[in-house]
Amino acid sequence: MKTLKRFIIYGITGLLVEVIYTGLASLLRGDLSMSGFTFLVMLPIYGLFVFLEPFHNLLRPIPWLLRGLIYLVLIWTTEYFCGEILASVLGNCPWCYGDSLNINGYITLRMAPEWFLLGLGFEFLHDFLDKLPFNI
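Residues numbered from 1 in each chain as written. Predicted model: local features only at pLDDT ≥ 70, side-chain atom pairs only at ≥ 80, totals over all residues. Heavy atoms only, no water.

Participant: Hey, could you run me through the nonpolar core in this one?
Facilitator: Most often, soluble globular proteins keep nonpolar side chains buried together rather than apart. Core analysis: the largest hydrophobic core is formed by 29 residues, its most contacted members being Y10, F49, W95 and W115. Only α1 (2-28), α2 (42-47), α4 (64-90) and α5 (112-131) provide two or more residues apiece to this core. If you tally residues by element for this core, the top one is α4, at 7 residues. (Core = buried A, V, L, I, M, F, W, Y, C linked by side-chain atoms within 4.5 Å. Buried < 20%, exposed > 50% of the residue type's maximum accessible area, 1.4 Å probe, protein only. Helix = DSSP H or I, 4+ residues; strand = E, 2+ residues; numbered from the N terminus.)

Okay, structure coming up:
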């Protein structure tokens, strides 16, 4: 039950971060409405962060820079394979990247800083959940 709760928490957190990120990006493009978006299919994909919790604990002694790079590679791997699966099931990948740094449209090297920081950010969320006085 704890894993399911955390799966949902990570999924919702990922959706919220993505909406805020895309909203701020639209503002930087001059859209004063700050319209943000995500895809509902991302909820279970972000929920997969629950399976990184054991890695968080194993990687603690490693410097944050290396930990962030490890998370980046794990996130790109997950994003790539989830994109490939969704494309085969739905006929296309909802987030298909079109920039010159994309790999098959499923990942883009341009997002490296964001995924690096998100991986480290989920460490903080994991720690916060572990410190709660009730079982989540």
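Participant: So what exactly am I meant to see when it comes to the environment of K2 here?
Facilitator: By the element assignment, K2 lies in helix α1. By relative accessible area, K2 is classed as partly exposed at 40%. Separated by 128 residues in sequence, K2 and D130 place their C-alpha atoms 11 Å apart. Leave out the neighbours within four places in its chain, and K2 touches N135 and I136. (Contact = heavy atoms within 4.5 Å.)

Participant: Help me understand α1, please; the structure alone is not making it clear to me.
Facilitator: At 3.6 residues per turn, the α-helix brings residues three or four places apart onto the same side. Over its 27 residues, α1 runs 39 Å from end to end, which matches the ideal 39 Å to within 8%, given 1.5 Å per residue. Buried within α1 we find R6, Y10, G11, G14, L15, E18, T22, G23 and S26. Where α1 is buried, its residues contact α2, α3 (53-59) and α5. Among the residues trailing α1, G30 stands out with phi positive, at a value near 100°. (Expected span 1.5 Å × (residues − 1).)

Participant: Which parts of the structure should I look at to understand the layout of surface pockets?
Facilitator: Rolled over the atoms, a probe with the dimensions of a water molecule shows which regions are left empty. Of the volumes computed, that of the largest pocket is approximately 680 Å³. Lining the largest pocket are 28 residues, with E18, Y46, Y97, M111 and W115 sitting closest to its centre. Those elements that place two or more of their residues in the lining of the largest pocket are α1, α2, α4 and α5. The biggest single contributor to the lining of the largest pocket is α1, with 6 residues. The class makeup of the residues in the lining of the largest pocket is 20 nonpolar, 3 polar and 5 charged. (1 Å grid on protein atoms, 1.4 Å probe; cavity = no way out; pocket = protein on both sides within 12 Å on 5 of 7 lines; lining within 4 Å. Points joined across faces, edges and corners; volume = space filled by probe spheres on them. Nonpolar A, V, L, I, M, F, W, Y, C, P; charged D, E, K, R; others polar.)

Participant: So what exactly am I meant to see when it comes to the pattern of salt bridges here?
Facilitator: One side chain can pair with another of opposite charge once the charged atoms of both are near each other. A full pass over the atoms with the stated rule returns 5 salt bridges. For R6, the salt bridge is made with E53, and the minimal N-O distance between the two is 2.9 Å. Of this pair, R6 sits in helix α1 while E53 sits in helix α3, and the two are 47 residues apart along the sequence. A relative accessible area of 11% places E53 in the buried class. The shortest N-O distance in the salt bridge between R67 and E123 comes to 2.7 Å. In this pair, R67 is assigned in helix α4 and E123 in helix α5, connecting sequence segments 56 residues apart. For the residue pair R67 and E123, the accessibility class agrees, reading buried in each case. (Salt bridge = Lys/Arg side-chain N within 4 Å of Asp/Glu carboxyl O.)

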